[in-house]
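In case you want the letters, here they are:
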Amino acid sequence: MSTPTAAPQKRRQQLVQAYKMARKTDRTLGLWILAAFVVFATFGFLLGTLAPGPIWLIPVITALLLGVMGALLVFGRRAQRAAFGQMEGQRGASIAALSMLRRGWKVNTQPVAFTKQQDMVFRLVGPPGVVLVGEGQGARLRQLLVTEKRSTQRVLGESTPVHEVIMGDGEGEVPLPKLLKHVRKLGRQVKPGEMTDILNRLKALDAQRGMMPIPKGPMPTSMKGQRGNLKGR
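Predicted model only: the values in this text are computed from it and were never measured.

Conventions we followed
Residues numbered from 1 in each chain as written. Predicted model: local features only at pLDDT ≥ 70, side-chain atom pairs only at ≥ 80, totals over all residues. Heavy atoms only, no water. Pairing = 2+ DSSP bridges. Helix = DSSP H or I, 4+ residues; strand = E, 2+ residues; numbered from the N terminus. Axes fitted to C-alpha atoms, helices over the stretch in contact; angles between N-to-C directions. Salt bridge = Lys/Arg side-chain N within 4 Å of Asp/Glu carboxyl O. Buried < 20%, exposed > 50% of the residue type's maximum accessible area, 1.4 Å probe, protein only. Patch = residues over 30% accessible without salt bridge, like charges linked within 9 Å, V, L, I, M, F, W, Y side chains within 5 Å. Areas by Shrake-Rupley, 256 points an atom, 1.4 Å probe, with all protein chains shown as cover. Right-handed = clockwise from strand over helix to strand, strands pointing away. Core = buried A, V, L, I, M, F, W, Y, C linked by side-chain atoms within 4.5 Å. pLDDT = per-residue confidence, 0-100. Contact = heavy atoms within 4.5 Å. Expected span 1.5 Å × (residues − 1). Arc of directions from axis to C-beta.

Participant: Could you give me a rundown of the sheet that holds strand 3 (residues 129–135), with the residues and numbers involved?
Facilitator: Ordered by their spatial adjacency, four strands build an open sheet running 1-2-3-4, and the pairing between neighbours is mixed. One side of each edge strand has no neighbouring strand; the edge strands of this open sheet are strand 1 (106–114) and strand 4 (162–166). Adjacent strand axes in the sheet meet at a mean angle of 25°, parallel and antiparallel pairs treated alike. As judged from the five bridges shared by strand 3 and strand 4, these two strands associate in the parallel manner. In the sheet register, valine 131 faces strand 4, and the bridge partner there is histidine 163.

Participant: Now, about the pattern of salt bridges: what can you tell me, with residues and values included?
Facilitator: A side chain of one charge can pair with a side chain of the opposite charge when the charged atoms of the two come close. Under the defined criterion, the tally for this structure stands at four salt bridges. Where aspartate 119 meets arginine 140, a salt bridge forms, and the shortest distance between an N and an O atom there is 2.5 Å. With aspartate 119 in the loop between strand 1 and strand 2 (120–126) and arginine 140 in helix 5 (residues 138–156), this residue pair connects regions lying 21 residues apart in the sequence. Relative accessible area serves as the criterion here: at 38%, arginine 140 is assigned to the partly exposed category. A salt bridge links glutamate 164 to lysine 149; the nearest nitrogen and oxygen atoms lie 3.4 Å apart. With a gap of 15 residues between them, glutamate 164 in strand 4 and lysine 149 in helix 5 connect regions that are remote in the sequence. For lysine 149, a relative accessible area of 22% gives the class partly exposed.

Participant: Break down a nonpolar patch on the surface for me, with residues and values.
Facilitator: Side chains of Phe45, Leu46, Ile55, Trp56, Leu57, Val60, Ile61, Leu64 and Leu65 sit close together on the surface and give an oily, nonpolar patch of about 930 Å² of accessible area. Mapping leucine 64 onto the fold places it in helix 3 (residues 57–87). Owing to a relative accessible area of 48%, leucine 64 belongs among the partly exposed residues under this scheme.

Participant: Describe the pairing of strand 3, and please don't skip the residues or the numbers.
Facilitator: Taken across its seven residues, strand 3 has seven buried, putting it largely inside the fold. Looking at chain direction, strand 2 and strand 3 are connected through seven bridges and run antiparallel. Along strand 3, the bridge assignment pairs methionine 120 with glutamate 135. Linkage of strand 2 to strand 3, two consecutive antiparallel strands, is achieved through a turn of two residues. With helix 5 bridging strand 3 and its parallel neighbour strand 4, the resulting β-α-β unit is right-handed.

Participant: Describe unusual backbone geometry, and please don't skip the residues or the numbers.
Facilitator: Residues other than glycine seldom take positive phi values, yet glutamine 118 does so here, at roughly 70°. On the basis of relative accessible area, glutamine 118 is assigned to the partly exposed category, the value being 33%.

Participant: Now, about the nonpolar core: what can you tell me, with residues and values included?
Facilitator: Of all hydrophobic cores here, the largest spans 20 residues; its most connected members are Leu98, Leu101, Leu124, Val133, Leu176 and Leu179. Every element with two or more residues in this core is listed here: helix 4 (93–98), strand 2, strand 3 and helix 6 (176–184). Ranked by size, the runner-up nonpolar core spans 17 residues in total, among them Val121, Val125, Val130 and Leu144.

Participant: Give me the lowdown on the confidence of the model for the protein, citing residues and values where you can.
Facilitator: Across the protein, the average pLDDT comes to 80, with 83% of residues at 70 or higher. Confidence drops under a pLDDT of 50 for residues 221–233, and excluding neighbours within four residues, the segment shows 42 contacts in the predicted structure.

Participant: Just give me the short version of helix 7 (residues 192–209), but keep the residues and values in it.
Facilitator: In an α-helix, one turn spans 3.6 residues; hence positions three or four apart end up facing the same way. A rise of 1.5 Å per residue sets the reference length of helix 7, with its 18 residues, at 26 Å; its end C-alpha atoms lie 26 Å apart and thus fit the reference within 8%. Of all the residues in helix 7, the buried ones are Met195, Ile198, Leu202 and Leu205. Taken around the axis of helix 7, the buried residues stretch over an arc of 85°, which confines them to a single face. Residues of helix 7 that are exposed and angled more than 90 degrees away from the buried face: Gly193, Thr196, Lys203, Ala207 and Gln208. At its buried positions, helix 7 is contacted by strand 1, strand 2, strand 3 and helix 5.

The structure is reproduced here in structure tokens:
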């Protein structure tokens, strides 16, 4: 049976690991965290002086609470940015970032389609319906997305929304740091009760295709140690 201190210790270890990984690409991370603590704590102290009660206790408690909250907020934002920077250009970076999506999403971490040139299409299912995310170059990737969308709609029907997103820095593409926000803003077009049927149909589609060999090459690992710490921030 786990002790009450096991969870806090694990949480601290995760934060330390995330800080070490983020600092590899963000050398000023510590200064930003300290500055955020000072600014929020100062605001909290001033706010606390307006509250009734012991003249020193309320301002101090308020300063500490807001200081810690501000420091964690800045840490989460900059750690996430650093993680994206480490993943930039690596194969599978899009799905590593999208794996941070909260409950209500089903993320397939293996590509559902790819070419020998390592153009890849990943699939996730959530409130917007089915989202196909492509990584790769030019016409090959777009054709791969079109083919996968056609296969998906053949199984699900035209009534189920299937969105296409291409990760990249070109025209009509979504940069990696903005990918999470872009996918979340696709809207809510599928009810939770409909997701089970969609997932079952897609499972049957995958079974028809059989097991595909995963393309060789490095997959990004920088997000794995930070994913639990960055969720919800």
